[in-house]
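Listed below are the residues making up each chain.
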Amino acid sequence: MENKKKPNPIDIHVGSRIRLRRTMLGMSQEKLGENLGITFQQIQKYEKGTNRVGASRLQNISSILNVPVSFFFEDAPGDGSGNQPGMAEASSSNYVVDFLSSSEGLQLNRAFVKIADPKVRRKLVDLVKALAAEAEVE
C-alpha cells in the first residue's frame, strides 16, 4: 500500500521555474542554497516539487535570481490562461521552457546571444531550420 503524497502540480511548476532561472544565470544549486542559508539538497527538493516553497523564501529566491515572484507562476497548470481565446502563445511558451531547461538549449542560447553580427545570427537560424527540415524528411 503506497501512502506517499504526490507533489502538487503547482509546486512542481514553481520548482521547474526556479531551476530554469537558476540555470539561465549559470548558478549552482549550492550557490543558491548558500545565498538562502540552506543546503543544496533543499534546493533540489524545491526544484523537484517535493518540498513546497514558502512565500517568504520564494520572495528571497526571486530577489537572488533577479525576477519578479510572478515569474515562477507563468504558465502554471490551472491558471486558466490556456482556455482564453487569443492566448495560444501561453501554451506554446512551454517549448521555450523545455528548450532552456535542457543543457544543449542553454548552451546554444548562451552562445547565440554572444554573436554580435545580425547577419551571422540570421545565417545560423537558417542553418538550424534547414537541418530541422532535413530531419523531418528522414
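As annotated in an unreviewed UniProt entry, the chain carries the name Helix-turn-helix domain-containing protein and is attributed to Mycoplana ramosa.

Another aspect to go through is the overall build of the chain. Along its length, the chain carries eight helices and zero strands. Secondary structure elements of the chain, listed N to C terminal, follow the sequence α-α-α-α-α-α-α-α. By the burial criterion, 26% of the 138 residues in the chain qualify as buried. Look at the contacts in the chain between residues 6 or more apart in sequence, and 56% of them connect residues 24 or more apart. For the chain, the exposed surface amounts to about 9700 Å²; the carbon and sulfur share of it is 55%.

A few words on the environment of Ile-64. On the secondary structure map, Ile-64 appears in helix H4 (residues 55-64). By relative accessible area, Ile-64 is classed as partly exposed at 25%. Considering only alpha carbons, one finds Ile-64 and Asn-35, 29 residues apart in sequence, at a separation of 7.5 Å. Excluding residues within four positions of it along the chain, Ile-64 makes contact with Met-27, Leu-32, Asn-35 and Leu-36.

So, on to the nonpolar core. Ile-18, Leu-32, Ile-61, Leu-65 and Phe-72 are the most contacted members of the largest nonpolar core, which has 17 residues in total. Looking at this core, the elements with two or more residues in it are helix H1 (9-24), helix H2 (29-36), helix H3 (40-48) and H4. The element contributing the most residues to this core is H1, with three residues. Apart from residues lying up to four places away in sequence, Phe-72 is in contact with His-13, Val-14, Arg-17, Ile-18, Leu-58, Ile-61, Ser-62, Leu-65 and Val-67.

Moving on, we come to the packing of aromatic side chains. Following the criterion strictly, the structure yields one aromatic pair and no others. With a centroid separation of 5.5 Å and 80° between ring planes, the pair formed by Phe-71 and Phe-72 is classed as edge-to-face. For Phe-71, a relative accessible area of 12% corresponds to the buried category. The ring of Phe-71 carries the charged tip of Arg-17 above its face, separated from the ring centre by 4.0 Å.

Time to look at unusual backbone geometry. What is expected of a backbone is that most residues other than glycine have negative phi and most peptide bonds are trans. The backbone of Asn-66 sits at a positive phi, close to 60°, despite the residue not being glycine. Given the relative accessible area of 62%, Asn-66 is considered exposed. Even without being glycine, Asp-75 reaches a positive phi, approximately 60°. If you trace the backbone, Asp-75 turns up in the loop between H4 and helix H5 (88-92). We classify Asp-75 as partly exposed; its relative accessible area is 24%.

Reading guide: rules and limits
- Residues numbered from 1 in each chain as written.
- Predicted model: local features only at pLDDT ≥ 70, side-chain atom pairs only at ≥ 80, totals over all residues.
- Heavy atoms only, no water.
- Helix = DSSP H or I, 4+ residues; strand = E, 2+ residues; numbered from the N terminus.
- Buried < 20%, exposed > 50% of the residue type's maximum accessible area, 1.4 Å probe, protein only.
- Contact = heavy atoms within 4.5 Å.
- Areas by Shrake-Rupley, 256 points an atom, 1.4 Å probe, with all protein chains shown as cover.
- Core = buried A, V, L, I, M, F, W, Y, C linked by side-chain atoms within 4.5 Å.
- Phe/Tyr/Trp six-rings, centres within 6.5 Å; stacked < 30°, edge-to-face > 60°.
- Lys NZ or Arg CZ within 6 Å of the ring centre and 35° of its normal.

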